[in-house]
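Here is what each chain is made of, one letter per residue.
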Amino acid sequence: MIWLWRRACIAAIPNLLPRDAHVVDLMAGTGEVWPHLLKRFPGINKITAIDISAGMHAEAVERLHQGREKRITHLNANALETDLPEGIADCVISTFGLKTFNKDQQAVLARQVARLLKPGGTFSLIEAGDPVRWRLRPLYRFYMTRCLPAVELLFLKGAQDFSMIGQYTAQFVDCAHFAECLHKEGLLVTQTAYVFGCASGVAGHKPAG
Ligand SMILES: C[S@@+](CC[C@H](N)C(=O)[O-])C[C@H]1O[C@@H](n2cnc3c(N)ncnc32)[C@H](O)[C@@H]1O
């Protein structure tokens, strides 16, 4: 599902990007979304990946992105505070980096997205959430809070990356608040729910005028 949702996030970018586009990936992690991005837009000139964890990028390029590394620049920075110049991005994307932000931080991030985008630029972000109206929600919650952390603990050498995912997704719920924040920043936004709200996304553009 995660693979499909990353692909859906890229498919939701509303317009074609210019041939030499500059894309900013917020909370980029190991850049799992870039293959989808470069498949849809092979002409992309530059991806600026922002992540607060320095180790992520080194691992990403070495393990996953050899051959693409010349087009990728990593910034070890807090996406809420980045001082990248205003209007540098043709497109801003993010996959699964929103859920740890509270409502105030989502407002700050929305300001950053609006600031980074060129007039006419596009954006698409996706996050896992809590399908509050789904009948099978209890099963999904059980999977997120118990199964996923247990599986990685047992089979991924004691890793604990997903130990908090149940709590984070329950607090985040969906992209509705973030969509409102983007709208307040003057962006045109549409929100989409995936699989009964197990994930949700926002996409749109900054008006050209
Ligand atoms: C769940 S991972 C998502 C990674 C990747 N985008 C993907 O699709 O798998 C969330 C990432 O957000 C990063 N992160 C968390 N808070 C951040 C912040 N304030 N600024 C930049 N990166 C942040 C973490 O280091 C982590 O790599």
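S.K.: Outline helix 7 (residues 176-184), supporting the account with residue identities and numerical values.
M.R.: If you check which residues of helix 7 are buried, you get Phe 178, Ala 179, Cys 181 and Leu 182. For helix 7, the buried positions fall inside an angular range of 160 degrees around the axis, keeping them on one side. Away from the buried face of helix 7 by more than 90 degrees, exposed residues His 183 and Lys 184 are located. Where helix 7 is buried, its residues contact helix 4 (103-116), strand 5 (117-128), strand 6 (188-194) and strand 7 (199-205). Within two residues after helix 7, Gly 186 carries a phi angle of roughly 90 degrees, on the positive side.

S.K.: How would you sum up helix 5 (residues 137-155)? Please name residues and give values.
M.R.: Since the α-helix packs 3.6 residues into each turn, any two residues three or four apart lie on the same face. The terminal C-alpha atoms of helix 5, which comprises 19 residues, lie 25 Å apart, in line with the 27 Å expected from a rise of 1.5 Å per residue. Its maximal kink placed at Tyr 143, helix 5 deviates by approximately 40 degrees. For helix 5, the complete set of buried residues consists of Tyr 140, Arg 141, Met 144, Leu 148, Pro 149 and Glu 152. Lining the buried residues of helix 5 we find helix 6 (165-172). Where helix 5 terminates, the next one or two residues include Lys 157, which has phi positive at roughly 50 degrees.

S.K.: Give me the lowdown on the domain arrangement of the protein, citing residues and values where you can.
M.R.: By the assigned domains, the protein splits into domain 1 (2-129 + 174-203) and domain 2 (133-170). In this structure, domain 1 and domain 2 have C-alpha centres spaced 24 Å apart. Of the residues lining the interface, six residues belong to domain 1; the matching set on domain 2 comes to six residues. The interface formed by domain 1 and domain 2 includes zero salt bridges. In this structure, the connection of domain 1 to domain 2 is made through one residue pair in polar contact (both at pLDDT 80 or more).

S.K.: Residue-level account of the sheet that holds strand 4 (residues 89-95), with values.
M.R.: The mixed open sheet is built from seven strands, whose spatial order is 3-2-1-4-5-7-6. Since the sheet does not close on itself, it has two edges, and those belong to strand 3 (72-76) and strand 6, each with one partner. Within the sheet, the average angular offset between the axes of one strand and its neighbour, ignoring direction, is 15 degrees. As paired strands, strand 1 (residues 22-26) and strand 4 are joined by three bridges and run parallel to one another.

S.K.: Can you explain the packing of aromatic side chains? Please cite residues and give values.
M.R.: Summed over the entire model, instances satisfying the criterion amount to two aromatic pairs. Between Trp 134 and Phe 196 the ring centres are 5.0 Å apart and the planes differ by 5 degrees, which places this aromatic pair in the stacked class. Of the two residues, Trp 134 sits in the loop between strand 5 and helix 5 while Phe 196 sits in the loop between strand 6 and strand 7, which places them 62 residues apart along the sequence. One aromatic cluster is present, formed by Trp 134, Tyr 140 and Phe 196 through successive ring pairs.

S.K.: Kindly report on the state of the cysteines, identifying the contributing residues and their values.
M.R.: What we call a disulfide is simply a covalent bond connecting the sulfur atoms of a pair of cysteines. Taken as a whole, this structure holds zero disulfides when the rule is applied. As a non-bridged cysteine, Cys 147 has Cys 198 as the owner of its nearest cysteine sulfur, 14 Å distant. Of all cysteine sulfurs in the structure, the one in Cys 9 sits closest to Cys 175, which takes part in no disulfide; the separation is 9.4 Å. For Cys 175, a relative accessible area of 0% corresponds to the buried category.

What counts, and at which threshold
- Residues numbered from 1 in each chain as written.
- Predicted model: local features only at pLDDT ≥ 70, side-chain atom pairs only at ≥ 80, totals over all residues.
- Heavy atoms only, no water.
- Buried < 20%, exposed > 50% of the residue type's maximum accessible area, 1.4 Å probe, protein only.
- Helix = DSSP H or I, 4+ residues; strand = E, 2+ residues; numbered from the N terminus.
- Arc of directions from axis to C-beta.
- Contact = heavy atoms within 4.5 Å.
- Expected span 1.5 Å × (residues − 1).
- Bend = angle between axes of the 7 residues up to and from the residue.
- Domains from an automatic or database assignment.
- Salt bridge = Lys/Arg side-chain N within 4 Å of Asp/Glu carboxyl O.
- Polar contact = N/O pair within 3.5 Å; in protein donor to acceptor, adjacent residues only side chain to side chain.
- Pairing = 2+ DSSP bridges.
- Axes fitted to C-alpha atoms, helices over the stretch in contact; angles between N-to-C directions.
- Phe/Tyr/Trp six-rings, centres within 6.5 Å; stacked < 30°, edge-to-face > 60°.
- Disulfide = S-S within 2.5 Å.

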